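Read off the chains here:
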Amino acid sequence: MDRNFEQTDMLRQPSLAAAGAVLTIDLGALRENYRRLNARLTGGARAAGVVKADGYGLGAVAVAHALQAEGCDRFFVAHVEEGVCLRSALGDGPAIFVLNGLPPGAEGEAMVSRLTPVLNSVEQLAAWRAAAHRAGRSLPAALQVDSGMSRLGMAAAEVEAVAGDAASLDGVDVVLVMSHLACADEPHHPANAAQLLEFERLRAMLPAAPASFANSSGIFLGSAYHFDLARPGAALYGINPTPGHTNPMLPVVRLDARVIQTRTVEEGAGVGYGHIYFAAGSLRTATISLGYADGWHRRGAAAAFFGGKRLPFIGRVSMDSIILDISALPESRLQAGDLVEVIGPSQDVDQVAALTGTIGYEVLTSLGNRFHRRIVNG
Ligand SMILES: *Cc1c(COP(=O)(O)O)cnc(C)c1O
């Protein structure tokens, strides 16, 4: 038995030889993407690193270390616990913002790890103010205002109430005022300009502090959207922030799945669960070690690639396996143990998303924990 486990980002992972699939993460490409985003930013704006959901599934600690090497000193996570883990990995230096703010009662944990909550409501603000009072010192916070997404952040009336009550920010050191765009990936959507105006209006009521507005796609809406700090996630990880246009980012992720066995299927045979596919003629198939338990979406019609050939998925995606039609390959070209590409140069993250009825974000954050993870250019 192979005991050769390796450890990255707290995950036990199988060895390369034992793994059913290999996830390759190119940290050099990630760093280049970070540089490209910063090069796009104007007026002294800088990019933070959004590393929530374990760095969009790639490994928050490895990602954050790579970004730190590029001078990134501000990170965003969604949950307190993600912030606690990141703090212990990164040490004292960088600011770590918690996008969802703090659940009631989590203020102490956040303080111990010196997290900066994004305060999304007057309730969260009051709880943080009380924590500062108990601690006898001021505590840093970001204030999120809702400029039109109706998801998180203080509504206009709440912002006005805060602005009208000097005591409401007692002990709270506002280090950032932020808001989030609902339609940034649609540059012509009228909500973008409307949100921008509303963000300007609300921010003017609050204490002067650095401002943050743009996510990945927001960076490409132009300099009016840049403010002091951008918050890219997706684009760092190679997802196209400009849908419909050439991807200005480098791919970061590659996924190769192992062939378990190959076989010949006779004409008329049903293939996979539910027999939703029937062999119209004799065909050669390969079954690969990847399934919906690995985060591969069950719906849609993707393919694998090997030797320059497209090998379509046939039948249903199973929990741990997928069947490929490999008739396009010369006989015996593909063997058990070989790896076929399912995300990579032949079929990128955004294409996989389109083929499986989702978005690149969900493809990445769904990536399972049974892969052998190989970090390159780290
Ligand atoms: C997730 C998130 C981001 C990053 O968005 P991308 O589209 O991945 O760049 C930025 N800001 C907030 C508030 C978020 O929730």
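Source: prediction; values computed, not measured. (Residues numbered from 1 in each chain as written. Predicted model: local features only at pLDDT ≥ 70, side-chain atom pairs only at ≥ 80, totals over all residues. Heavy atoms only, no water.)

1. Section: the overall build of the protein chain
Part 1 of the argument: Counting its secondary structure elements, the protein chain contains 11 helices and 21 strands.
Part 2 of the argument: The principal-axis extent of the C-alpha atoms belonging to the protein chain is close to 80 × 50 × 40 Å.
Part 3 of the argument: In the protein chain, which comprises 378 residues, the proportion classed as buried is 50%.
Part 4 of the argument: Sequence separation of 24 or more characterises 66% of the internal contacts of the protein chain that already satisfy a separation of 6 or more.
Part 5 of the argument: Looking at the protein chain as shown, the accessible area adds up to about 16,500 Å², and 52% of this sits on carbon and sulfur atoms.
Part 6 of the argument: A distance of 4 Å separates the average location of the 31 positive side-chain charges in the protein chain from that of its 37 negative side-chain charges. (Helix = DSSP H or I, 4+ residues; strand = E, 2+ residues; numbered from the N terminus. Buried < 20%, exposed > 50% of the residue type's maximum accessible area, 1.4 Å probe, protein only. Contact = heavy atoms within 4.5 Å. Areas by Shrake-Rupley, 256 points an atom, 1.4 Å probe, with all protein chains shown as cover. Lys, Arg positive; Asp, Glu negative; His and termini not counted. Charge placed at Lys NZ, Arg CZ, Asp CG, Glu CD.)

2. Describing the pairing of strand E17 (residues 303-306)
Part 1 of the argument: A two-sided burial pattern is seen for E17, the buried positions comprising Ala 303 and Phe 305 on one face and Ala 304 and Phe 306 on the other.
Part 2 of the argument: Relative to strand E18 (residues 309-314), E17 runs antiparallel, the two being bridged by four bridges. When the bridges of E18 are listed, Ala 303 appears paired with Pro 312.
Part 3 of the argument: With antiparallel pairing between neighbouring strands as the criterion, E17 and E18 make up a hairpin whose turn holds two residues, including Gly 307 at a positive phi of roughly 55°. (Pairing = 2+ DSSP bridges.)

3. Side note on the pairing of strand E19 (residues 322-325)
Residues in a regular strand point their side chains to alternate faces of the sheet.
Part 1 of the argument: Neither face of E19 is open: one carries Ile 322 and Leu 324, the other Ile 323 and Asp 325, and all of them are buried.
Part 2 of the argument: Here strand E16 (residues 283-288) runs beside E19; their pairing, made up of four bridges, is antiparallel. Bridge pairing in E19 places Ala 286 opposite Leu 324.
Part 3 of the argument: Sheet analysis places E18 next to E19, joined by two bridges and oriented antiparallel. Directly across from Phe 313, in E19, lies its bridge partner Leu 324.

4. A closer look at the UniProt feature "active site" (unreviewed entry) in the protein chain
Part 1 of the argument: Per the UniProt record, "active site" (unreviewed entry) is annotated on Lys 52 and Tyr 273. For the residues just named, distributed over 222 residues, the greatest C-alpha separation reaches 35.3 Å, placing them at more than one site.
Part 2 of the argument: Here Lys 52 lies in helix H2 (residues 52-56).
Part 3 of the argument: Taking relative accessible area as the criterion, Lys 52 reaches 26% and is therefore assigned partly exposed.
Part 4 of the argument: Apart from residues lying up to four places away in sequence, Lys 52 is in contact with Phe 76, Val 77, Ala 78, Glu 82 and Leu 99.
Part 5 of the argument: Within the element layout of this structure, Tyr 273 appears in the loop between strand E14 (270-271) and strand E15 (277-278).
Part 6 of the argument: With relative accessibility at 56%, the residue Tyr 273 sits in the exposed group. (UniProt positions renumbered as here; feature names shortened; annotations may be inferred.)

5. Points about the UniProt feature "binding site: substrate" (unreviewed entry) in the protein chain
Part 1 of the argument: Under the UniProt annotation, "binding site: substrate" (unreviewed entry) lies at Arg 151 and Met 319. These annotated residues cover 169 residues of sequence, and their C-alpha atoms sit far apart, with the largest distance between any two at 33.6 Å.
Part 2 of the argument: Topologically, Arg 151 is positioned in the loop between strand E9 (139-144) and helix H7 (156-163).
Part 3 of the argument: Topologically, Met 319 is positioned in the loop between E18 and E19.
Part 4 of the argument: Taking relative accessible area as the criterion, Met 319 reaches 42% and is therefore assigned partly exposed.
Part 5 of the argument: Not counting residues up to four positions away in its chain, the partners in contact with Met 319 are Gly 291, Tyr 292, Ala 293, Asp 294 and Arg 370.

6. Details of the pattern of salt bridges
Part 1 of the argument: Summed over all chains, the structure comprises 12 salt bridges.
Part 2 of the argument: The partner of Arg 35 in a salt bridge is Glu 70, and the shortest N-O contact between them spans 2.7 Å. Pair noted here: Arg 35 is in helix H1 (residues 27-40) and Glu 70 is in the loop between helix H3 (60-68) and strand E6 (74-77), with a separation of 35 residues, a long-range link.
Part 3 of the argument: Between Arg 201 and Glu 160 there is a salt bridge, with its nearest N and O atoms 4.0 Å apart. Residue Arg 201 is located in helix H8 (residues 190-205), and its partner Glu 160 is located in helix H7; the two are separated by 41 residues in the primary sequence.
Part 4 of the argument: For Arg 201, a relative accessible area of 39% puts it in the partly exposed group.
Part 5 of the argument: Each of Arg 31, Glu 32, Arg 35, Arg 36 and Glu 70 takes part in a single network of salt bridges with overlapping partners. (Salt bridge = Lys/Arg side-chain N within 4 Å of Asp/Glu carboxyl O.)

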